[in-house]
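Chain residues, written in single-letter form:
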Amino acid sequence: MEPKKNPKADVGRNSALYFVIGLAAVLALVYGAMEWKKYDKVNDYDISMNVEDQLDEEVPMTEQIKTPPPPPPPAAPEVIEVVEDEEEVEETVIESTETSQEEEVIEIEEVEVEEVEEDISVPFAVIEDVPVFPGCEGASDKKACFQEMMQKHIRKNFRYPEIAQEMGVQGRVSVIFVIQKDGSIGNIRMRGPDKNLEAEAMRIIQKLPKMTPGKQRGRPVKVPFSIPITFKLQ
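Residues numbered from 1 in each chain as written. Predicted model: local features only at pLDDT ≥ 70, side-chain atom pairs only at ≥ 80, totals over all residues. Heavy atoms only, no water.

Some details on the UniProt feature "transmembrane region" (unreviewed entry) in the chain
Cross-referencing UniProt, the feature "transmembrane region" (unreviewed entry) maps to residues 16–34 in the present numbering. Within the segment residues 16–34, helix and strand shares are 100% and 0% respectively, and the terminal C-alpha atoms sit 27 Å apart. (UniProt positions renumbered as here; feature names shortened; annotations may be inferred. Helix = DSSP H or I, 4+ residues; strand = E, 2+ residues; numbered from the N terminus.)

See the structure below:
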């Protein structure tokens, strides 16, 4: 004979539902316990003070009395000096500046004013009449002829210093000189990489011939001129 089970007596039929309900209840208790807050009891006291009752006091009104300014001091009387009739008073005599016909008028000769020549320097690039290098008197462009003759003079008198060759020194020497009012060369300055090269550049410039001076507004002036001299070993 087979045993028969009553479906109503099956205990595990709703076990999943009970498990979910129990789990939800436990989570709710845990959340409530974590969010529970307890505050200390605070006694509220009224610490305000009625200031109006204590300061309700009438202040009497005072009137400011303005004192008038003191009167200005009386002016000191002027001292009048009385001159007696018996005392002699010197009189001021005003002489006339007009000349009479009897007086002779001396004529003053004209005074000659000597003009002082101003020491003016005008650069070569902007001067009206450039200095004339010997041989450029008949050239139409005297400025270009001047520069060409300068290059010829440098090439003709150029000599590389032996000491500089042995030391392997080379470079560019910048030379500045002034063509004076009389056409002579002066105030030579130079700057280069070696003293031997500067000395050779000085020697070349000192051999320049005397020139016709440059003119500005028809008057001779000083004309500064600059030119580089390149020393290069081959």
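Structure shown, so let's carry the discussion forward.
What about the environment of glycine 214?
Within the fold, glycine 214 resides in the loop between α5 (195–206) and β3 (215–216). Residues in contact with glycine 214, not counting those within four places in the same chain, are Ile127, Asp129, Val130, Pro131, Arg219, Pro220, Val221 and Val223. (Contact = heavy atoms within 4.5 Å.)

Digging into the environment of lysine 142
Within the secondary structure, lysine 142 is located in helix α3 (residues 142–157). By relative accessible area, which is 29% here, lysine 142 ends up partly exposed. Measuring from C-alpha to C-alpha, the distance between lysine 142 and valine 132 comes to 6.6 Å, with 10 residues separating the pair along the chain. Beyond its immediate chain neighbours, meaning those up to four positions away, lysine 142 contacts Val130, Val132, Cys136 and Glu137. (Buried < 20%, exposed > 50% of the residue type's maximum accessible area, 1.4 Å probe, protein only.)

Some points on the nonpolar core
Across soluble globular proteins, nonpolar side chains have a tendency to be buried as a group. Core analysis: the largest hydrophobic core is formed by 30 residues, its most contacted members being Phe146, Met150, Val175 and Phe177. Secondary-structure elements contributing two or more residues to this core are α3, β1 (171–179), α5 and β5 (223–231). If you tally residues by element for this core, the top one is β5, at five residues. With near-sequence residues (within four places) excluded, valine 175 lies in contact with Ile188, Arg189, Met190, Ala201, Ile205, Phe225, Ser226, Ile227 and Ile229. (Core = buried A, V, L, I, M, F, W, Y, C linked by side-chain atoms within 4.5 Å.)

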